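Topology and contacts: notes
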Amino acid sequence: MTLADLDAAAAVVYQAMPPTTQQRWPLLDERCGARIWVKHENQTPVGAFKIRGGLVYVDELRRRGAAVPGLVAATRGNHGQSIGFAAARHGIPAAVVAPHGNSVSKNRAMRALGVELIEKGEDFQAALEAADEIARDRGWHMVPSFDDQLVRGVASYSLELLRAAPGIETFYVPIGLGSGICGAIAARDALHLRTNIVGVVAASAPAYARSLALGRPVSQAPTTRIADGMACRTPDPDALERIRRGIERVIEVSDDEIEAAMRAVYDDTHTVAEGAAASSVAALLQDRDTVRGREVAVVLTGANVDAGIFAGVLQGQDARGLRLQAEGSGAASRA
């Protein structure tokens, strides 16, 4: 992907939203002993970086003149919101498949965008398989969760960050299915920078870490209680290869470390980070001794965490029980 490719995709993004901020926070600098840039993708119109990929993907479909009677996608929430947001801008109906037990607030947000929300399966992979079948049955377009157009779109946040702070030595990026970190790699390479990119994986959703170690995709069921945006069971082979070529290393962070990072983000930046987003800060905190005195960056990829779960995390409570309570209250409200 050339710089011209990425700038063209960014121009599509900016028709719908402004660039997000990259900010230094003195308390976070003090906590880590480094000069830390925070990229605030938790401030987009859907509260997550994924909106950028959806906008570019749907725009490209339209540019190609493809007949699109409807769109189908699988999601844990943020990808579904991105497709719903982009589809609504073009007047295209969208159906999104999420696994049972998905975030209540993410489900509400998708419905508010006019998405037909369908709950199928016990994890993302099962929802993806169900979405493929629904797309075939309806004759609708199946939106993949990893694709060049999605990568081009989400790369725009890394372009913004790295142009604003080209001296960043290390950039910590969470890995879900891979579009965000592949976009960071593409942006760094297009700008001809030497920034080290560190992939962050939840230790309780280690499929990408295991696959990178073995050099081939391997499936492993995720068990994370807090980082649903990283709950990938089966890596995408194309994403895996791009990540393998483009990162310095990968760090695994525990759910306890992620929850501690959510509290740190709230205390130090006065903003909300969902579990997957806070994982970048958790990795940075693991690396505190290594990065001391250096210029580094993290991305807060989203803010979409259920209120009850977030409140409990701030109080030091276990998120798994809080999620079950949220699911119960959500089911009761729908009834």
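Look up a bit, the structure's there.
Criteria and cut-off values
- Numbers given for residues are sequential positions, taken from 1 along each chain in its written order.
- Totals for whole chains, interfaces and linings use all residues, but because this is a predicted model, local features are given only for residues with pLDDT of at least 70 and pairs of side-chain atoms are given and counted only at 80 or more.
- To obtain the side-chain values, all non-hydrogen atoms of the structure were used and water was disregarded.
- Working definition of a nonpolar core: buried Ala, Val, Leu, Ile, Met, Phe, Trp, Tyr and Cys residues. They are joined through side-chain atoms within 4.5 Å.
- Exposure categories follow from relative accessible area, calculated using a 1.4 Å probe and restricted to protein chains: below 20% of the type maximum is buried, above 50% is exposed, and the middle band is partly exposed.
- Note on definitions: a residue-residue contact is assigned when non-hydrogen atoms from the two residues lie within 4.5 Å.
- Each Phe, Tyr or Trp ring, with Trp reduced to its six-membered ring, pairs with another whose centre is within 6.5 Å; inter-plane angles below 30 degrees give stacked pairs, above 60 give edge-to-face pairs, and intermediate values give tilted ones.
- Segments assigned H or I by DSSP are reported as helices when at least four residues long, segments assigned E as strands when at least two residues long, and all are numbered from the N terminus.
- In this description, a line fitted to the C-alpha atoms serves as the axis of each element, helices being fitted only across the stretch in contact, and the angle between N-to-C directions of two axes falls anywhere from 0 to 180 degrees.
- Roughly parallel here means an angle under 35 degrees, roughly antiparallel means over 145, roughly perpendicular means 65 to 115, and every remaining angle is called oblique.
- Charged residues are taken to be Asp, Glu, Lys and Arg, nonpolar residues to be Ala, Val, Leu, Ile, Met, Phe, Trp, Tyr, Cys and Pro, and polar residues to be all remaining types, Gly included.
- For two strands to be treated as a pair, DSSP must find no fewer than two bridges joining them.

1. A word on the nonpolar core
Core analysis: the biggest nonpolar cluster contains 50 residues, and F171, V173, I181, I197, Y208 and I243 have the highest contact counts within it. In this view, I197 contacts F171, V173, I181, A184, I185, R188, G246, I247, E248 and R249; residues no more than four positions away in its chain are not counted. I226, V265, A276 and V291 belong to the second-largest nonpolar core, a separate cluster that totals 37 residues.

2. Re the packing of aromatic side chains
When we look at a pair of aromatic rings, we describe it by the centre distance and by the angle of the planes. One pass over the structure, following the stated rule, counts two aromatic pairs. Both rings, one in F49 and one in Y157, keep their centres 5.8 Å apart while their planes meet at 80 degrees; by these two values the pair is edge-to-face. Placement of the pair is F49 in the loop between β2 (35–40) and α3 (50–63) and Y157 in helix α7 (residues 148–164), with a sequence separation of 108 residues. Just as F49 is buried, Y157 falls in that class too. Residues Y266 and F310 carry aromatic rings whose centres are separated by 5.8 Å and whose planes lie at 75 degrees to one another, so their mutual orientation is edge-to-face. Of this pair, Y266 sits in helix α11 (residues 255–269) while F310 sits in helix α14 (residues 307–314), placing them 44 residues apart in sequence.

3. Quick look at the packing of α11 against helix α12 (residues 275–286)
Packing of α11 against α12 leaves a shortest axis separation of 7 Å and a crossing angle of 95 degrees. When the axes of α11 and α12 are compared, the pair comes out roughly perpendicular. Listed contacts from α12 to E257, I258, A261, M262 and V265 of α11 are G275, A278, S279, V281, A282 and Q286. Here the contact of α11 with α12 is composed, by residue class, of seven nonpolar, three polar and one charged.

4. Side note on unusual backbone geometry
A positive phi angle is found at H192, which is not glycine, with a value near 60 degrees. Examined against the element boundaries, H192 turns out to sit in the loop between α8 (179–190) and β8 (196–202). Here H192 falls in the exposed class, since its relative accessible area comes to 72%.

5. A short note on the sheet that holds strand β7 (residues 170–174)
The strands making up a sheet associate through backbone hydrogen bonding, with each pair oriented either parallel or antiparallel. Spatial strand order, β1-β2-β10-β7-β8-β9: six strands in an open sheet with mixed pairing. Edge positions in the sheet fall to β1 (22–24) and β9 (249–253), since each has one partner strand and no second. Between one strand axis and the next, the sheet turns by 25 degrees as a mean value, whatever way the strands run. The pairing of β7 with β8 spans five bridges and is parallel.

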